[in-house]
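# Structural description and commentary
Each chain, written out:
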Amino acid sequence: MPEIRHQPVAPTRARWLAPGDAIEAHRHDDHQLVYAAGGVLTVTTDAGSWIAPATRAIWVPAGTVHAHQAHGELELHLVGLPPGEGPPGWDRPTVVGAGALLRELILAYTREPHDDGPARRRLRAVLLDRLAAAPREPLHLPAPADERLRALCAILCDDPADGRTLAALGWQVGASERTLARLFRADLGMTFPQWRARLRLHRAAVLLAEGAAVTAVAHACGWSSASAFIDAFRRTFGHTPGAHRASAPAARTPAAASPAARNSVAGPGAAGVG
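Basis of the calculations
Residues numbered from 1 in each chain as written. Predicted model: local features only at pLDDT ≥ 70, side-chain atom pairs only at ≥ 80, totals over all residues. Heavy atoms only, no water. Axes fitted to C-alpha atoms, helices over the stretch in contact; angles between N-to-C directions. Helix = DSSP H or I, 4+ residues; strand = E, 2+ residues; numbered from the N terminus. Parallel < 35°, antiparallel > 145°, perpendicular 65-115°, else oblique. Contact = heavy atoms within 4.5 Å. Pairing = 2+ DSSP bridges. Phe/Tyr/Trp six-rings, centres within 6.5 Å; stacked < 30°, edge-to-face > 60°. Buried < 20%, exposed > 50% of the residue type's maximum accessible area, 1.4 Å probe, protein only. Salt bridge = Lys/Arg side-chain N within 4 Å of Asp/Glu carboxyl O. Core = buried A, V, L, I, M, F, W, Y, C linked by side-chain atoms within 4.5 Å. pLDDT = per-residue confidence, 0-100. Expected span 1.5 Å × (residues − 1).

### Things to note about the packing of helix H3 (residues 147-158) against helix H5 (residues 177-188)
Between H3 and H5, the shortest axis-to-axis distance is 10 Å and the interhelical angle comes to 95°. Overall, the two elements H3 and H5 adopt an arrangement that is roughly perpendicular. Facing H3, whose interface residues are Arg148, Leu149, Leu152 and Cys153, H5 presents Thr179, Leu180, Leu183, Phe184, Asp187 and Leu188.

### Overview of the sheet that holds strand S7 (residues 56-60)
Taking strand neighbours across the sheet as the criterion, the 6 strands line up as S2-S9-S4-S7-S10-S11 in an open arrangement whose pairing is antiparallel. Single-partner strands in this sheet number two, and they are strand S2 (13-17) and strand S11 (136-137). Two elements, strand S4 (residues 31-37) and S7, share 4 bridges in a ladder whose sense is antiparallel. Residue Gln32 lies in a different strand from S7, and its bridge partner there is Val60.

### Describing the sheet that holds strand S3 (residues 22-27)
Pairing is mixed across the open sheet formed by 6 strands, whose spatial order is S1-S3-S8-S5-S6-S12. Looking at the sheet topology across the chains shown, the edges are occupied by strand S1 (5-6) and strand S12 (140-142). Pairing analysis gives 3 bridges linking strand S6 (residues 48-52) to S12, with the strands arranged antiparallel. Pairing of Ser49 across the sheet is with Leu141, part of S12. Contacting strand S5 (40-45), S6, strand S8 (66-71) and S12, helix H6 (residues 192-209) runs over the sheet at an angle of about 125° to S12.

### Considerations on the packing of aromatic side chains
Scanning all chains against the criterion turns up 6 aromatic pairs. Here Trp223 and Phe229 contribute two aromatic rings whose centre-to-centre distance is 4.8 Å and whose plane-to-plane angle is 45°, an arrangement assigned as tilted. Like Phe229, Trp223 is buried. Taken together, the aromatic side chains of Trp223, Phe229, Phe233 and Phe237 make up a single cluster linked through ring pairs.

### Description of the pairing of S5
Burial analysis of S5 places 5 of its 6 residues in the buried class, the great majority of the element. When S5 meets S8, the two strands line up antiparallel, connected through 5 bridges. Each residue of the ladder has a partner; that of Val40, found in S8, is His71. Here S5 pairs with S6 via 5 bridges, running antiparallel. Its bridge partner lying in S6, Thr42 is registered against Ile51. The turn joining S5 and S6, which pair antiparallel and follow one another in sequence, is formed by 2 residues.

### Looking at the pattern of salt bridges
Two side chains of opposite charge can pair, provided their charged atoms sit close to one another. Within this structure, the stated rule accounts for 6 salt bridges. Arg124 serves as the salt-bridge partner of Glu85, at 3.2 Å between the closest nitrogen and oxygen. Linking Glu85 in the loop between strand S9 (74-81) and strand S10 (94-97) with Arg124 in helix H2 (residues 118-133), this pair joins segments that are 39 residues apart in sequence. The class of Glu85 is partly exposed, set by a relative accessible area of 23%. A salt bridge links Arg235 to Asp231, with the shortest nitrogen-to-oxygen separation between them at 2.3 Å. Linking Arg235 with Asp231, this pair stays in helix H8 (residues 226-237), spanning 4 residues, or about one helical turn. Under the relative-accessibility criterion, Arg235 is labelled exposed at 61%.

### Section: the nonpolar core
Of all hydrophobic cores here, the largest spans 32 residues; its most connected members are Leu41, Ile58, Leu74, Leu76, Trp223, Phe229 and Phe233. Going through the elements one at a time, S4, S5, S6, S7, S9, H6, helix H7 (214-220) and H8 are the ones with two or more residues in this core. Ranked by the residues each element gives to this core, the list is headed by H6, at 6 residues. Excluding anything up to four places from it in sequence, Ile58 contacts Gln32, Leu33, Val34, Leu41, Val43, Trp50, Ile51, Ala52, Thr94 and Val95.

### Points about the environment of Trp223
Along the polypeptide, Trp223 turns up in the loop between H7 and H8. Taking the C-alpha atoms as reference points, Trp223 and Ala161, 62 residues apart in sequence, are found 7.4 Å from one another.

### With respect to the confidence of the model for the chain
The pLDDT averaged across the chain works out to 88; a share of 88% of its residues lies at or above 70. Residue range residues 247-271 is modelled with pLDDT below 50. Its contacts to residues more than four positions away, or to other chains, number 49 contacts.

### Focus on H6
The end-to-end C-alpha distance of H6, which contains 18 residues, comes to 26 Å, matching closely the 26 Å that a straight helix rising 1.5 Å per residue would cover. Restricting attention to buried positions, one finds in H6 the residues Phe192, Trp195, Arg196, Leu199, Arg200, Leu201, His202, Ala204, Ala205, Val206, Leu208 and Ala209. Among the residues trailing H6, Gly211 stands out with phi positive, at a value near 100°.

In structure tokens form, the structure reads like this:
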């Protein structure tokens, strides 16, 4: 297995990521709040993946081995926080709603200079207050541990539009419908239809961020019609698929928005500091 990079201090910074750019698996001794202005960001651990468009942020607890992936161009804002700070009980990655005030606090805190003066400490205190009050959202796609469940989930990840029943998929992976239904509840904490619906929504958000048309995304992800897809997407993300990219606030960090900053990011798939 590749060695997991250990970066004790979680950085506080803003950086541009091009479509497809990744920050490979690593861990910090600090907590980290991750926010992407524009595009869609996924954070992946052994326990699954969490997805965040520009209306969401992701909390990554200290010590969690995680990787970042950009879908569409995005400005990544990272807020590192000491282990003693942060909302009590947030001991696993969590997606939170990033309302206008929380977004502005994250953007302000990740701007230079990164001193530790009184004004910056007050800003961090308000940011933490708003973070604790932010709504937590079920945008986690859990990863299975059972071998039969992994095989089934891999089939659907390869083709989210696959509409076969659990019984038909079970025949392919060598497990009964009853066994698989039990495994979904015990291993993933949800039913098979719930997991498949969440997979489809994750894939749809990624495809939209990468520029795919709404109708094409609906077809690729298994919805019977574009209208059914639009309704499901709106209920989950709070806006329509057509507004998905437009909902991202414009970048406000002059240094990060400069051509030099854009050119400084690593190429697709390369490791970076996160």
